[in-house]
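Take a look at the letters that make up each chain.
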Amino acid sequence: MSLGLSAHGRAGLQFSFCIVLLFLSPIAIWAQLTWSRIYSGPDWDSICSVVETTDGNLIAAGTTRSFSAGDWDGWVLRLDSTGEIIWQHIYGGPMDDEITQALSVPGYGYLVLGYTESFGPGSFWAFMLDEEGSILWERALSDGYGGPVPNSATITEEGTILIAGTAEGDGNDRCYDIWICELTPDGTVLWQKTLGHHWGPDFWECREFWPSAVRQLRDGGIILSGGTFIWGSQTTWFVAKLD
């Protein structure tokens, strides 16, 4: 399917994305540019994650309005070692669907994470792709309010996937809390938790959390980091360890 993709910039108001490959020399203190390319369409497009394949290609995942069926759709491209497009596919339905993260899962494929309104009332969205971009499985998980929205993911020593993001609280506060879950490579949710601390019952009094990174530690624990703020105050950073 031809999407009318341009490898160059276009005039007018839009977002496009650029991939830059740098060569890092062990004896130099600078990086040397190998190649760079800009990929764009006639509307707003963005990229959030790039992962390397087993054969040295790249999987680039993001969100597009240029080629979407709805307002926004997920957009995944496979690029060769020089940035040429091998294939590209659009994922989503008639409403807004956005990709926020991609991860290579050895032996299974490429896990793509995001947020969907097409497959639930504002839902966490996960699907696994094979080498050709075909969907092996797909899941949507809703908290009933407006998410969760994944921001970061990592593979554990056991081969499962830890995912951290944000989720709205219950109907009493609706603050954005830390949301974390663990998936198996076949999409089974092993567990999920929502964590947060709120100072007051009103929206403008709550403390919100936006985790941006999750990792497993050597002792098996989980480390989270990200931003937090109370409405009307400045954003600060938080770090939290979970067992």
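Residues numbered from 1 in each chain as written. Predicted model: local features only at pLDDT ≥ 70, side-chain atom pairs only at ≥ 80, totals over all residues. Heavy atoms only, no water.

Sheet architecture is open: three strands sit in the order β15-β16-β17, paired in antiparallel fashion. Taken across any chain shown, the strands that pair with only one partner, and hence form the sheet edges, are β15 (207-216) and β17 (236-242). Strand-to-strand, the axes of this sheet are offset by a mean angle of 25 degrees, without reference to chain direction. Note: strand β16 (residues 222-230) against β17, seven bridges, orientation antiparallel. Bridge pairing links S225 to V239 in β17. (Pairing = 2+ DSSP bridges. Helix = DSSP H or I, 4+ residues; strand = E, 2+ residues; numbered from the N terminus. Axes fitted to C-alpha atoms, helices over the stretch in contact; angles between N-to-C directions.)

Pairing is possible between side chains that carry opposite charge, provided their charged atoms lie close to one another. Evaluation of the coordinates by the stated rule reveals five salt bridges. A salt bridge links K241 to D219; the nearest nitrogen and oxygen atoms lie 2.7 Å apart. Taken together, the residues K241 in strand β17 and D219 in the loop between β15 and β16 connect sequence positions 22 residues apart. With respect to class, K241 is no different from D219; both count as exposed. Through salt bridges with shared partners, a single network forms among D55, R78 and E131. (Salt bridge = Lys/Arg side-chain N within 4 Å of Asp/Glu carboxyl O. Buried < 20%, exposed > 50% of the residue type's maximum accessible area, 1.4 Å probe, protein only.)

Following the sequence through the fold, T166 ends up in strand β12 (residues 161-168). Classification of T166 as buried rests on a relative accessible area of 2%. For the pair T166 and L195, spaced 29 residues apart in sequence, the C-alpha to C-alpha distance is 9.5 Å. The contact partners of T166, leaving out residues within four places of it in the chain, are P148, V149, N151, Y176, D177, W179, F209, W210 and P211. (Contact = heavy atoms within 4.5 Å.)

Further remarks concern the packing of aromatic side chains. Per the counting criterion, the structure on display carries five aromatic pairs. Each ring, one from Y91 and one from F127, has its centre 5.1 Å from the other, and the planes form 35 degrees; the classification is tilted. Linking Y91 in strand β6 (residues 85-91) with F127 in strand β9 (residues 123-129), this pair joins segments that are 36 residues apart in sequence. Accessibility assignment for this pair places Y91 and F127 in one class, buried. For F127, a relative accessible area of 0% gives the class buried. Connected via pairs of aromatic rings, a cluster forms that spans Y91, F119, W125 and F127. The aromatic ring of W72 is capped on one face by R65, whose charged end is 5.3 Å from the ring centroid. (Phe/Tyr/Trp six-rings, centres within 6.5 Å; stacked < 30°, edge-to-face > 60°. Lys NZ or Arg CZ within 6 Å of the ring centre and 35° of its normal.)

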